[in-house]
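# A closer look at the structure
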Amino acid sequence: MSKKLISRTKLFDKFSKQLHLLKENGLIDIELKYDETYICPLCLEQFQRVDLISDTNKNFLTEEDAPPEKLGGSRIALTCKDCNSKAGYQIDNHLINRIRENDDRKFYKGSKQYGNLEYNGERVTAEITSNGDGTLTVLHRTKKNNPNILDKFIYGIKNKTIGPILNLEPKKYKIDSERVNLALLKTNYIINFAKFGYIFLLDKHYDSIRTQIENMDEGYDGQIFLKDQFPKNKEGMYYVLNPGAKSTFSIFSLKTEYSETLIGAILPLPNKTPEEIHYSLTGNGYSIGENGKIGVSLDTSNYDGGADLFNDLNEINKIINWKNAQ
């Protein structure tokens, strides 16, 4: 058995056992098709153990990383190949590109990027490395440039007929802001699934989130995200206890070789919408002395990392009781 199959099998066992435990104790109302069932958290299609192997099903179960692996994420759940491929290519890439674009603009020491230098209506492709002291080292590769234009450019630089100020046109990344937000929404949803499994995420309340991720061309409805407002040691899962704003609050990191961005994301519990959460939080907010801005304090309780929410019925019922309490 390959390492990847072993890893997928462990995730399958973890979530499938919880799913059947919830069913056997009347905590979910859904018919399970197989003796060992796994439900893809995005499309809600049911799979069985044999679907871990690609030879038996074209739409087999694959490991899902959240945040995206290129941003430091880990493989924490399974989704079907169709959902994983579509969301990865059409959603996650926009988030990855947005972070890379931000890195390029800040010229971190040792960072390398590509762009075009413009002169006399011509363009010369450049490989730019930041030295970290306000200076840049620029390399022009002959394979990526018109030789005649490059020779004229170098001659002009040496003879100081070009410069000292040049216009740099940075690399253009393919970025759709709505899909950046969808990638953050998907990341938060999968992180919650990895923490809580099927305890409450099978609720039809979350169909709107799954629909946004699955039918990305229909647009983004809006969620609550906070950026770079947390110290690194606060990364993790929290319960939001504010009246009228019951939800989970996940703080996760988006890492590159050069930077780290902390994102806080709220996931409303069933029967609460993001709009209702936002209204409740801001309605009880405080002035921070800036027009159009309201300060908000979250009353949070740490997620108990030691609680076994996949095998211990007592711990599972604590979550269900908290969810159902008024």
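Residues numbered from 1 in each chain as written. Predicted model: local features only at pLDDT ≥ 70, side-chain atom pairs only at ≥ 80, totals over all residues. Heavy atoms only, no water.

### Some thoughts on the sheet that holds strand β15 (residues 300–302)
- Ordered in space as β9-β12-β11-β10-β15, the five strands form an open sheet in which the pairing is antiparallel. Two strands bound the open sheet, and with one partner strand each, they are β9 (224–227) and β15. Neighbour-to-neighbour, the strand axes of the sheet open up by a mean angle of 25°, direction not taken into account.
- Of the strand pairs in this sheet, β9 and strand β12 (residues 260–268) are connected by four bridges, and their pairing is antiparallel. Within the sheet, the bridge partner assigned to L226 lies in β12 and is G264. (Pairing = 2+ DSSP bridges. Helix = DSSP H or I, 4+ residues; strand = E, 2+ residues; numbered from the N terminus. Axes fitted to C-alpha atoms, helices over the stretch in contact; angles between N-to-C directions.)

### Digging into the pairing of strand β5 (residues 112–119)
- Across eight bridges, the pairing between β5 and strand β6 (residues 122–130) is antiparallel. Pairing of K112 across the sheet is with T129, part of β6.
- Hairpin remark: β5 followed by β6, antiparallel, with two residues in the connecting loop; positive phi at N120, about 50°.
- Pairing of β5 with strand β8 (residues 167–170) involves four bridges; the strand directions are antiparallel. When the sheet's bridge partners are listed, G115 is paired in β8 with P170.

### Considering the environment of H140
- Within the fold, H140 resides in the loop between β7 (136–139) and α3 (147–158).
- Discounting chain neighbours no more than four positions away, the residues touching H140 are L117, V124, T125, A126, N145, L150 and F153. (Contact = heavy atoms within 4.5 Å.)

### Side note on the sheet that holds β6
- Strand order across the open sheet formed by four strands is β7-β6-β5-β8, with antiparallel pairing between neighbours. Unpaired on one side and paired on the other, β7 and β8 mark the two borders of the sheet. Across the sheet, the axes of successive neighbouring strands diverge by a mean angle of 40°, strand direction being ignored.
- In the packing of α3 onto the sheet, the strands contacted are β5 and β6, and the crossing angle to β6 comes to about 65°.

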